[in-house]
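# Close look at the chain arrangement
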Amino acid sequence: ILSYYELMKRNPILDARCALAFILLECLSDNTQNYFNKQNKPIENSLKKSKVKKLRKILEPASGITEKLISEISAEIIYNHPTLQDSINRLMKEFGMAFEKGESEIFSLRKEFIHKGKFPENEKDPVKVYHKIVHFIDRLLLHILGYTGEYNDISKRYRATKLKYK
């Protein structure tokens, strides 16, 4: 994870920096899922929950559809792993971190960087987006490490900022 962090900070191409940031978050997500699975406390998949609800609504009018059958169908057709945001939310909760205003929006950019390798075409300020992503990752890693002091906030031109806990 720290290797991806270093690559993210040193890469000369801004789009690549953001893609590396999301790869870092994906690695963190995978490790988080493994950790909580070993603790017998799996992360709930919010996407699966909403898809099962839709499936129930579609199948409700059909007669003879049991809850067991809906469960079996769900297990076969719905992606079973927690989303990136589910895992990161759980990690944040575990380490007492909350989203700052507008910060959760970075997850909507994942698809652009992971699947297309670039900023959305309508993005007017890519540097600001990059700073927002790095700021989130900086805070997340500092929370995981148990850091309680000030840090240099990239989104505020590296101004010293006190790390906040819930």
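The numbers attached to residues start from 1 for each chain and follow its sequence in the written order. Totals for whole chains, interfaces and linings use every residue, but because this is a predicted model, local features are given only for residues with pLDDT of at least 70 and side-chain atom pairs only at 80 or more, for both listing and counting. Water and hydrogen atoms play no part in the side-chain values, which are based on all heavy atoms of the structure.

It is worth spelling out the layout of surface pockets at this point. Think of a ball as big as a water molecule: rolled over the atoms, this probe shows where empty space is left. A pocket, in this scheme, is an open set of points on a 1 Å grid over the protein atoms alone with protein on both sides within 12 Å along at least 5 of 7 lines, while a cavity is a set where a 1.4 Å probe fits but cannot get out; residues line either one if an atom lies within 4 Å of a point. Grid points are joined across faces, edges and corners, and a volume is the space filled by probe spheres set on the points. By volume, the largest pocket amounts to about 350 Å³. For the largest pocket, the lining is made up of 14 residues, of which Glu26, Pro82, Thr83, Leu84 and Arg110 are closest to its centre. Secondary structure counts use DSSP, requiring at least four H or I residues in a row for a helix and at least two E residues in a row for a strand, with both numbered from the N terminus. Residue assignment for the lining of the largest pocket shows that the elements contributing at least two residues are helix H2 (14–38), helix H3 (46–59) and helix H5 (84–94). Residues are grouped as follows: nonpolar covers Ala, Val, Leu, Ile, Met, Phe, Trp, Tyr, Cys and Pro; charged covers Asp, Glu, Lys and Arg; every other residue, Gly included, is treated as polar. Here the lining of the largest pocket is built from residues that sort into five nonpolar, six polar and three charged.

Attention shifts here to the side chain of His143. Tracing the backbone through its elements, the reader meets His143 in helix H7 (residues 126–144). Ignoring any residue separated from it by four or fewer positions in sequence, one finds His143 in contact with Phe95, Gly96, Met97, Leu163, Lys164 and Tyr165. Throughout, a contact is declared for two residues whenever any of their heavy atoms are within 4.5 Å.

This part covers the pattern of salt bridges. Any carboxyl oxygen of Asp or Glu within 4 Å of a side-chain nitrogen of Lys or Arg constitutes a salt bridge here. Applying the stated criterion to the full structure yields nine salt bridges. The partner of Lys156 in a salt bridge is Asp153, and the shortest N-O contact between them spans 3.9 Å. Put simply, Glu100, Glu103 and Arg139 are held in one network by salt bridges that share partners.

Here we come to H2. Spanning 25 residues, H2 covers 36 Å between terminal C-alpha atoms, matching the ideal 36 Å at 1.5 Å per step. Exposed residues in this analysis have more than 50% of their type's maximum accessible area, buried residues have under 20%, and partly exposed residues fall in between, with area computed by a 1.4 Å probe over protein chains only. Buried residues of H2: Cys18, Ala19, Leu20, Ala21, Phe22, Leu24, Leu25, Leu28, Ser29, Thr32, Gln33 and Phe36, and no others. In this fold, the buried residues of H2 make contact with helix H1 (2–10), H5, helix H6 (110–116) and H7. Directly beyond the C-terminal end of H2, a positive phi value near 60 degrees is found at Asn40. Here, expected helix span is obtained from the residue count minus one, scaled by 1.5 Å.

Okay, the nonpolar core next. Residues belong to one nonpolar core when they are buried, are Ala, Val, Leu, Ile, Met, Phe, Trp, Tyr or Cys, and are joined through side-chain atoms within 4.5 Å. Judged by nonpolar contacts, the single largest core of 28 residues is most densely connected at Leu25, Ile88, Phe113, Ile133, Phe136, Ile137 and Leu140. Of all elements in the fold, only H2, H5 and H7 reach the threshold of two or more residues within this core. Contacts of Leu25, omitting those with residues within four sequence positions, involve Leu84, Ile88, Phe136, Ile137 and Leu140.

Moving on to the packing of aromatic side chains. In this analysis, rings of Phe, Tyr and Trp, with Trp reduced to its six-membered ring, are considered paired at centre separations within 6.5 Å, and the interplanar angle assigns stacked below 30 degrees, edge-to-face beyond 60, and tilted for intermediate values. With the rule as written, the count across this model stands at six aromatic pairs. Between the aromatic rings of Tyr35 and Phe36, the centroid separation amounts to 5.1 Å while the plane-to-plane angle is 75 degrees, which identifies the pairing as edge-to-face. When its relative accessible area of 45% is taken as the criterion, Tyr35 is described as partly exposed. With a relative accessible area of 3%, Phe36 lands in the buried category. Relative to Phe136, the ring of Phe107 lies with its centre 5.9 Å away and its plane at 80 degrees, an arrangement referred to as edge-to-face. With Phe107 in the loop between H5 and H6 and Phe136 in helix H7, this residue pair connects regions lying 29 residues apart in the sequence. By relative accessible area, which is 0% here, Phe136 ends up buried. Taken together, Phe22, Phe113 and Phe119 form an aromatic cluster joined through their ring pairs. Above the plane of the ring of Phe36 lies Arg90, whose end atom (NZ or CZ) is 4.0 Å from the centre. Should the NZ of a Lys or the CZ of an Arg lie within 6 Å of a ring centre and within 35 degrees of the ring normal, that charge is described as sitting over the ring.

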